[in-house]
Amino acid sequence: MLETRSLPIIVLLLITGSAARPFFPLPSKDTEDHRQPLQTSRPYNIAHRGSNGEIPEETAAAYMRAIEEGADFIETDILSSKDGVLICFHDVTLDATTNIADFKQFANRKTTYEVQGVNMTGWFIVDFTLEELKLLRVNQRYPFRDQQYNGKFQIITFEEYIAIALDAPRVVGIYPEIKNPVFINQHVKWPGGKRFEDIFVKTLKKYGYKGSYLSKEWLRQPAFIQSFAPTSLVYISNLTDLPKIFLIDDVTVPTQDTNQSYAEITSDSYLDYIKEYVVGIGPWKDTVVPVEGNYLTMATDLVARAHAHNLQVHPYTYRNENIFLHFNFHQDPYQEYDYWISKIGVDGLFTDFTGSLHDFQEWTTLLSSNDDSALELLHKIASMIQSYKRG
Ligand code: G3P
Ligand code: CA
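Residues numbered from 1 in each chain as written. Chains lettered and ligands numbered in written order. Predicted model: local features only at pLDDT ≥ 70, side-chain atom pairs only at ≥ 80, totals over all residues. Heavy atoms only, no water.

Visitor: Please set out the overall build of the protein chain residue by residue, giving values where relevant.
Guide: Along the backbone of the protein chain there are 15 helices and 14 strands. Among the 391 residues that make up the protein chain, the fraction classed as buried is 49%. As displayed, the protein chain offers around 19,700 Å² of accessible surface, 56% of which is attributable to carbon and sulfur atoms. (Helix = DSSP H or I, 4+ residues; strand = E, 2+ residues; numbered from the N terminus. Buried < 20%, exposed > 50% of the residue type's maximum accessible area, 1.4 Å probe, protein only. Areas by Shrake-Rupley, 256 points an atom, 1.4 Å probe, with all protein chains shown as cover.)

Visitor: An account of helix 14 (residues 354-364) is needed here, citing residue identities and associated values.
Guide: Each turn of an α-helix holds 3.6 residues, which means side chains three or four residues apart point in the same direction. Here helix 14 has its buried residues at Thr354, Gly355, Ser356, Leu357, Phe360 and Gln361. Lining the buried residues of helix 14 we find strand 1 (44-47), helix 2 (60-68), helix 13 (333-344) and strand 14 (348-351). (Contact = heavy atoms within 4.5 Å.)

Visitor: So, the coordination of the calcium ion (ligand 2): which residues are in play, and what are the values?
Guide: Only Glu75 (OE), Asp77 (OD) and Glu177 (OE) from the protein coordinate the calcium ion (ligand 2), and they sit 2.2 to 2.3 Å from it. Here the calcium ion (ligand 2) is ringed by six donor atoms whose angles at the metal span 57 to 157°, and the overall shape comes out irregular. (Donors = N, O, S within 2.8 Å, 3.2 Å for Na, K, Ca; no water. Tetrahedral: all angles 85-135°; square planar, octahedral: opposite > 155°, others 65-115°.)

Visitor: Any chance you could break down the site of ligand 1 for me, citing the residues and the numbers?
Guide: As a matter of local geometry, ligand 1 sits amid His48, Arg49, Glu75, Asp77, His90, Glu177, Lys179, Gln226, Phe228, Leu247, Tyr316 and Phe350. His90 is positioned such that a nitrogen or oxygen atom in its side chain is 2.7 Å from an oxygen atom of ligand 1. Within the contact set of ligand 1, an oxygen atom lies 2.5 Å away from a side-chain nitrogen or oxygen of Gln226. When ligand 1 is considered free in solution it has 280 Å² of accessible area, and contact with the protein chains removes 91% of it. (Near = heavy atom within 4 Å. Polar contact = N/O pair within 3.5 Å; in protein donor to acceptor, adjacent residues only side chain to side chain.)

Visitor: Before we move on, can you summarise empty space enclosed by the protein with the specific residues and values?
Guide: Remark: the empty space left among the atoms is shown by a probe the size of a water molecule rolled over them. Within the structure shown, the criterion is met by one cavity of 30 Å³ or more. The volume enclosed by the largest cavity comes to roughly 30 Å³. Split into classes, the residues belonging to the lining of the largest cavity amount to six nonpolar, one polar and two charged. (1 Å grid on protein atoms, 1.4 Å probe; cavity = no way out; pocket = protein on both sides within 12 Å on 5 of 7 lines; lining within 4 Å. Points joined across faces, edges and corners; volume = space filled by probe spheres on them. Nonpolar A, V, L, I, M, F, W, Y, C, P; charged D, E, K, R; others polar.)

Visitor: Can you tell me about the pattern of salt bridges, naming the residues and giving the values?
Guide: Counted according to the given criterion, the structure contains 21 salt bridges. With a shortest N-O distance of 3.3 Å, Lys275 and Asp272 are connected by a salt bridge. Of the residues examined, Lys275 reaches a relative accessible area of 33% and is grouped as partly exposed. Across the pair Lys285 and Glu336 runs a salt bridge, and its minimum N-O distance is 3.4 Å. Of the two residues, Lys285 sits in helix 11 (residues 285-288) while Glu336 sits in helix 13, which places them 51 residues apart along the sequence. Here the two residues Lys285 and Glu336 agree in accessibility, since each one is buried. (Salt bridge = Lys/Arg side-chain N within 4 Å of Asp/Glu carboxyl O.)

Next comes the structure, spelled out in structure tokens:
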């Protein structure tokens, strides 16, 4: 209880204090980010579609699980609804990973469109408004993964995904992909003739994402922009200096916009060209080290050549299950991580299982801050020994 003789002092403090600087910053005035920063001393753990090995892909729950498990970046594929709202979803059709087939009112929307030169039939995302998409629920893609979350989570928007990253208890980067830009620009129209890429960058800017790789702004809100379409990457280079990653598909698949072959886009002359726009490449891992009979063959020189061009390499996609693991790894995903990090020397890994990659890196690598404190300790011990000798 307050003693009455203290009251005048408290009243005086309250009156004078109201105009003075508070002892501690008010929450609304504290612009410093006290969260644990992004680690930059070991290959990036990129949570592919969230922790989708456990929870249906690209849902809020999958992203939150990935953040809990130690992701440096959460990855997403950006598409658009019919009414031009950017959403997080991988396929241009809703068939494989939602319960769209259960909605009788949408039965007549099934149709056929050409996508990257191939006729596809299904319920296309670009034929549904955001309000309609929000009625659906997402399912696990693979039958051998946990099915208990099927039908529980909604499709989320690009803005909702960004909010999840910004609300994380430590700094977590975003890694959005401009998905199927040729198809999206054909089917969705925005006011003023704006392109998909314009809306994509506008959204990033709205939430403060800016700055070149490792700049102060970037470290505060890290983001990599990725695309399989080089013209999209070149176009957005005029809109933002955020770092970009050029995705490279399988050896048989030409680029969706420029129709260039794998050989062409992995040539030294092309790497020389694209490095003006991107900080790295994201190849399918089985093209970096080709596979025969489910065994790895000799590694190509793509990683060495990319590094020689000062380009990072972030291959996709690492998956823990036996069905995806090549026989060399003896059904052990940790051996696969070890091979790609220690032998091939990649700079980031897209994984469906963020938790296993995080565990592997925690067990095998000291973060630089730990290195620093270990060094500091050694210096302290050395100086103590020196002063003991002098004494
Ligand atoms: O974005 C990296 C990797 O995700 C590319 O493949 O098909 O999973 O988007 P995809
Ligand atoms: Ca992707």
